[in-house]
Amino acid sequence: MTKIISNIVNTNVVSCAIIYPIVDKKKRKEITMTVYNDKTGESIANLAIIRGKLMNDFSNLNKKDSDFCGNVISVKRSSGAVDEIPIAIPKRMAENIIQKEVSITGEWRSKNYYRDGKMHMKHYLLVREIRHEEAEDHNEIMLTGFVCKPPEYRETSLGKGVGRMVIAVNRPYGRGDYIRCVTWNQNARRAYNLKVGDKISITGRIQSREYMRKIEGVERVSVAYEVSVEKITKEE
């Protein structure tokens, strides 16, 4: 398991990728994780740093047919609202976790699955590093990817701009993750001018949002997961 120490870079070989976690407490915003594709040398970024409280015991820990188990981490916003983020963690890591207060470094992933004959997509945080840490909650994600559908934009009744877009973040071995993002005000207007295929970098936080949807004619509460964008940069 990769150990992260302030101002020191440690490398860890994972499959065909080399992951570089960089932590500098005085420059938290400059934390990056770069994965280099062995074939093209292209750098691809997908890094989330989450600090909060595990809500459950680890699921599937005793099942032999899976190398991963699941949980949910709750993270408080500055407003007092709480985001509940699903995580997937290798069993070898989960077996050593006793305390509920943890800090996680990982990647925000998407996965397609079929239910009732329809294609659905779920999102989860793939844990790369986890440790016990009792400190203020923290929720930050940095992504570099490509706009894969035309961005949307609208204004609320109060004149606040709200935008939505989906970006594709490539993995080093050919697959990709499709990340839903929500933008606000100036960021929303800037994102609306982006074209499909544009390469962008964003920083923000992972948020959970409840909404009502009709399933078999019955209104039910569902949860959507998206990245609330704080900064967006178009890459050349």
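Scroll up to find the structure this text is about.
Criteria and thresholds
Residues numbered from 1 in each chain as written. Predicted model: local features only at pLDDT ≥ 70, side-chain atom pairs only at ≥ 80, totals over all residues. Heavy atoms only, no water. Helix = DSSP H or I, 4+ residues; strand = E, 2+ residues; numbered from the N terminus. Buried < 20%, exposed > 50% of the residue type's maximum accessible area, 1.4 Å probe, protein only. Contact = heavy atoms within 4.5 Å. Areas by Shrake-Rupley, 256 points an atom, 1.4 Å probe, with all protein chains shown as cover. Phe/Tyr/Trp six-rings, centres within 6.5 Å; stacked < 30°, edge-to-face > 60°. Salt bridge = Lys/Arg side-chain N within 4 Å of Asp/Glu carboxyl O. 1 Å grid on protein atoms, 1.4 Å probe; cavity = no way out; pocket = protein on both sides within 12 Å on 5 of 7 lines; lining within 4 Å. Points joined across faces, edges and corners; volume = space filled by probe spheres on them. Nonpolar A, V, L, I, M, F, W, Y, C, P; charged D, E, K, R; others polar. Pairing = 2+ DSSP bridges. Arc of directions from axis to C-beta.

Engineer: How should the overall build of the chain be read in this particular structure?
Structural biologist: Scanning the chain from terminus to terminus reveals 2 helices and 14 strands. Out of the 236 residues belonging to the chain, those deemed buried represent 42%. Taking the intrachain contacts of the chain between residues at least 6 apart in sequence as the baseline, contacts between residues at least 24 apart amount to 55%. Total accessible area computed for the chain in this model is approximately 13800 Å², and 47% of it derives from carbon and sulfur atoms.

Engineer: How do you make sense of the packing of aromatic side chains when you look at a structure like this?
Structural biologist: Any aromatic ring pair is given by two values, namely how distant the centres are and how the planes are angled relative to each other. Under the defined criterion, the tally for this structure stands at 2 aromatic pairs. Judged by centre distance (6.4 Å) and plane angle (70°), the rings of Trp 108 and Tyr 225 are edge-to-face. One end of the pair, Trp 108, is in strand 7 (residues 101-115); the other, Tyr 225, is in strand 14 (residues 218-234), and 117 residues separate them in sequence. When the centroid spacing of 5.9 Å and the interplanar angle of 40° are considered together, the rings of Tyr 153 and Tyr 192 count as tilted. Of the two residues, Tyr 153 is situated in strand 10 (residues 152-155) and Tyr 192 in helix 2 (residues 185-192); the sequence distance between them amounts to 39 residues. With relative accessibility at 25%, the residue Tyr 153 sits in the partly exposed group.

Engineer: What's the story with the pattern of salt bridges in this structure? I'm lost.
Structural biologist: Two side chains with opposite charge may pair up if their charged atoms get near one another. Inspection of the entire model under this criterion finds 13 salt bridges. Taking the shortest distance from any N to any O, the salt bridge between Arg 209 and Glu 226 comes out at 3.0 Å. Separated by 17 residues along the polypeptide, Arg 209 in strand 13 (residues 199-215) and Glu 226 in strand 14 bring together distant segments of the chain. Its relative accessible area of 30% is what places Arg 209 among the partly exposed residues. Residues joined by salt bridges that share partners form a network here, namely Glu 107, Arg 109, Arg 128, Arg 171 and Asp 177.

Engineer: How should the layout of surface pockets be read in this particular structure?
Structural biologist: Gaps left between atoms show up when a probe the size of a water molecule is rolled over them. Looking at the second largest pocket, its volume works out to about 330 Å³. Residue lining of the second largest pocket: 15 residues in total, with Lys 76, Arg 77, Ser 78, Asn 139 and Arg 205 positioned closest to the centre. Put simply, the parts of the chain that give the lining of the second largest pocket at least two residues each are strand 5 (68-76), strand 9 (138-147) and strand 13. Ranked by residue count, the leading element in the lining of the second largest pocket is strand 9, at 3 residues. Residues of the lining of the second largest pocket, tallied by class, amount to 1 nonpolar, 5 polar and 9 charged.

Engineer: I tried to follow the pairing of strand 11 (residues 161-170) on my own but got confused; where do I start?
Structural biologist: The buried fraction of strand 11 is high, at 8 of 10 residues. Note: strand 9 against strand 11, 2 bridges, orientation antiparallel. Bridge pairing links Val 147 to Ile 167 in strand 11. Strand direction decides the pairing type here: strand 10 and strand 11, joined by 4 bridges, are antiparallel. Looking at strand 11, one finds that Glu 152 is bridged to Arg 164. Taken together, strand 10 and the strand that follows it, strand 11, pair antiparallel across an intervening segment of 5 residues, in which Gly 159 is found at a positive phi of about 85°. Relative to strand 12 (residues 176-184), strand 11 runs antiparallel, the two sharing 9 bridges. When the sheet's bridge partners are listed, Gly 163 is paired in strand 12 with Thr 183.

Engineer: Would you take a moment to explain the side chain of Thr 183 for this structure?
Structural biologist: Here Thr 183 lies in strand 12. Residues in contact with Thr 183, not counting those within four places in the same chain, are Gly 161, Val 162, Gly 163, Arg 164, Met 165, Ala 188, Ala 191 and Val 229.

Engineer: What exactly am I supposed to notice about unusual backbone geometry here?
Structural biologist: Trans is the common state for peptide bonds, and a negative phi is the common state for residues other than glycine. The phi dihedral of Asn 185 falls on the positive side, at around 50°, and the residue is not glycine. Residue placement: Asn 185 occurs in helix 2.

Engineer: So what exactly am I meant to see when it comes to the environment of Ala 94 here?
Structural biologist: Positionally, Ala 94 belongs in helix 1 (residues 91-94). Residues Ala 94 and Cys 69 lie 25 residues apart in sequence; the distance between their C-alpha atoms is 7.6 Å. Those residues in contact with Ala 94 that lie beyond four places of it in its chain are Phe 58, Leu 61, Cys 69 and Ile 89.

Engineer: Whenever I open this one, helix 2 confuses me. Can you help?
Structural biologist: Side chains that are three or four residues apart share a direction in an α-helix, a result of its 3.6 residues per turn. Along helix 2, the residues classified as buried are Asn 187, Ala 188 and Ala 191. Angular distribution of buried residues about the axis of helix 2 spans 100°; they occupy a single face of the element. For helix 2, the elements touching its buried residues are strand 10, strand 11, strand 12 and strand 14.

All we've got here are geometric facts, nothing functional implied.
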